Amino acid sequence: MPSSALGLSAMSPRVLVLTPMKNATKHLDRYFSNLADLDYGADNLSLGFLVSDSDDGTYGALDDRLPDLRQRYARVTLTSHDFGLQLPEGIDRWSPAFQIPRRAVLARSRNRLLFAALRDEDWVLWMDVDLDSYPPTVLNELLASGKSIVHPHCVVKPGARSFDGNTWRDGGDTTLHELRGHGAVRIEGVGGTMLLVRADIHRDGLIFPAYPYGTRSPFIRDHNPMMGRLGGEIETEGLAVMAKDMGHEVWGLPDLEIVHLAE
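Keep in mind that this is a model prediction, so the values were computed, not measured. (Residues numbered from 1 in each chain as written. Predicted model: local features only at pLDDT ≥ 70, side-chain atom pairs only at ≥ 80, totals over all residues. Heavy atoms only, no water.)

Caption draft 1: Quick peek at the overall build of the protein. When its secondary structure is counted, the protein shows six helices and eleven strands. Looking at the 263 residues of the protein, the share that counts as buried comes to 48%. Expressed as a percentage of contacts within the protein between residues at least 6 apart in sequence, the contacts between residues at least 24 apart total 78%. For the protein, the exposed surface amounts to about 12300 Å²; the carbon and sulfur share of it is 51%. (Helix = DSSP H or I, 4+ residues; strand = E, 2+ residues; numbered from the N terminus. Buried < 20%, exposed > 50% of the residue type's maximum accessible area, 1.4 Å probe, protein only. Contact = heavy atoms within 4.5 Å. Areas by Shrake-Rupley, 256 points an atom, 1.4 Å probe, with all protein chains shown as cover.)

This is how it looks when you write it as structure tokens:
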């Protein structure tokens, strides 16, 4: 595997690629084509998919691909769980009224997938099914960053402003677009379009909160100001706050671009 140019050892880490899916059949050909083009040994990649609340045959389409995928990759997990979340017809998934329930379900989906698929891998690579393209070297570059939790820069076309609004710092005022040219940067919120996490941090308890993480609660001691702030973050942004509470920094790579399909 040609990873020496990025300073990785001959013994490549084992990586588990996890993708939750919903009504994703139209994206599968592109998804697997991009995955096959990764500059990374397929024998060190495992895959995991959770299909939820779908009515377009996503689960069956993935099930049909399993024999070929299991020939190519180290291990493949396919599971499903319906959460019963259906947006009303004509309502966009970004509608503010549905953000909390939609992201709570996505957090639960991610956690179920993580618990079902993680075995002995060294890293977990979370990846959206509707990415348009990314550099074949992207996984090697994320690993070579030396960061335990790291996110590339998600855009809808090269050089554009950030697509993933969940990746930010300065209380949400600064995105990776404003940080271009700065190398690896500490961030406070993180998205899930593509996110690399050291697997042991997940094993130590890092999950995607399906509730506002960091909110004040009657079960929290009044004399513990660290846990008494109002607000809180959910799903991937909640994961970033939880990671910091666990003692881990979260990083972004503003100049490593991946391209998401435009909404």
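Next comes the rest of the description.
Caption draft 2: Inspection of unusual backbone geometry at higher detail. Unusually for a residue other than glycine, N23 sits at a positive phi of about 45°. In this fold, N23 is placed in the loop between β1 (15-21) and α1 (28-36). Judged by its relative accessible area of 27%, N23 falls in the partly exposed class. Within the chain, D53 stands out as a residue other than glycine whose phi angle is a positive 45°. With respect to the helices and strands, D53 occurs in the loop between β2 (45-51) and α2 (58-72).

Caption draft 3: Region of the structure containing the confidence of the model for the protein. A residue-level look at the protein finds 86% of positions with pLDDT of 70 or above and a mean pLDDT of 90. Contacts for the low-pLDDT stretch residues 1-10, under 50 throughout, to residues beyond four places or in other chains number 17 contacts. Here residues 224-230 is a poorly scored stretch, pLDDT under 50, and it has ten contacts once near neighbours within four places are set aside; other chains count. (pLDDT = per-residue confidence, 0-100.)

Caption draft 4: A look at the packing of helix α3 (residues 99-117) against helix α6 (residues 235-245). Relative orientation of the contacting elements α3 and α6 amounts to 65°, with a least axis distance of 8 Å. Seen from α3, the contacting residues are R103, L106, A107 and R110; seen from α6, they are E235, T236 and E237. For the contact of α3 with α6, the per-class residue count stands at two nonpolar, one polar and four charged. (Axes fitted to C-alpha atoms, helices over the stretch in contact; angles between N-to-C directions. Nonpolar A, V, L, I, M, F, W, Y, C, P; charged D, E, K, R; others polar.)

Caption draft 5: The side chain of T174, seen in detail. Its place among the elements puts T174 in strand β8 (residues 174-175). Here the side chain of T174 touches D170 through a polar contact of 2.6 Å, side chain to side chain. (Polar contact = N/O pair within 3.5 Å; in protein donor to acceptor, adjacent residues only side chain to side chain.)

Caption draft 6: Representation of the pattern of salt bridges within the structure. Summed over all chains, the structure comprises 14 salt bridges. Across the pair E178 and R161 runs a salt bridge, and its minimum N-O distance is 2.2 Å. In this pair, E178 is assigned in the loop between β8 and β9 (185-186) and R161 in the loop between β6 (149-155) and β7 (168-169), connecting sequence segments 17 residues apart. Of the residues examined, E178 reaches a relative accessible area of 36% and is grouped as partly exposed. The class for R161 is exposed, based on a relative accessible area of 52%. A salt bridge links R203 to D200; the shortest N-O distance between them is 2.8 Å. (Salt bridge = Lys/Arg side-chain N within 4 Å of Asp/Glu carboxyl O.)

Caption draft 7: α3, seen in detail. Over its 19 residues, α3 extends 27 Å from the first C-alpha to the last, a length consistent with the 27 Å expected when each residue adds 1.5 Å. Within α3 the residues assigned to the buried category are R102, R103, A104, V105, A107, S109, R110, N111, L113, L114 and A117. Where α3 is buried, its residues touch β1, β2, β3 (75-80), β4 (123-127), α5 (199-203) and α6. (Expected span 1.5 Å × (residues − 1).)

Caption draft 8: The environment of M11, seen in detail. Within the secondary structure, M11 sits in the segment before β1. In this structure, the C-alpha to C-alpha distance between M11 and N44, residues 33 residues apart in sequence, is 9.5 Å.

Caption draft 9: Inspection of the pairing of β3 at higher detail. The sheet contact formed by β2 and β3 spans six bridges and is parallel. Counted as the bridge partner of L50 is T79 from β3. One crossover worth recording links β2 to the parallel β3 by way of α2, and it is right-handed. (Pairing = 2+ DSSP bridges. Right-handed = clockwise from strand over helix to strand, strands pointing away.)

Caption draft 10: Representation of the environment of I258 in the model. Secondary-structure assignment places I258 in strand β11 (residues 251-260). Relative accessible area serves as the criterion here: at 0%, I258 is assigned to the buried category. Along the primary structure I258 and H151 are separated by 107 residues, whereas in three dimensions their C-alpha atoms are 10.0 Å apart.

Caption draft 11: Spotlight on the packing of aromatic side chains. Under the defined criterion, the tally for this structure stands at four aromatic pairs. Ring geometry for F32 and F49: centres 5.8 Å apart, planes at 80°, overall edge-to-face. Taken together, the residues span a long stretch of sequence, with F32 in helix α1 and F49 in strand β2 at a distance of 17 residues. As far as the burial class goes, F32 and F49 line up, both buried. Summarising the aromatic geometry, the rings of W126 and F208 are spaced 4.9 Å apart at their centres and angled 80° between planes, so their arrangement reads as edge-to-face. Placement of the pair is W126 in strand β4 and F208 in the loop between α5 and α6, with a sequence separation of 82 residues. A residue is classified by how much of its surface remains accessible, and W126, at 0% relative accessible area, is buried. Its relative accessible area of 0% is what places F208 among the buried residues. Taken together, the aromatic side chains of Y31, F32 and F49 make up a single cluster linked through ring pairs. One residue, R110, lies across the ring of F208, its end atom 5.3 Å from the ring centre. (Phe/Tyr/Trp six-rings, centres within 6.5 Å; stacked < 30°, edge-to-face > 60°. Lys NZ or Arg CZ within 6 Å of the ring centre and 35° of its normal.)

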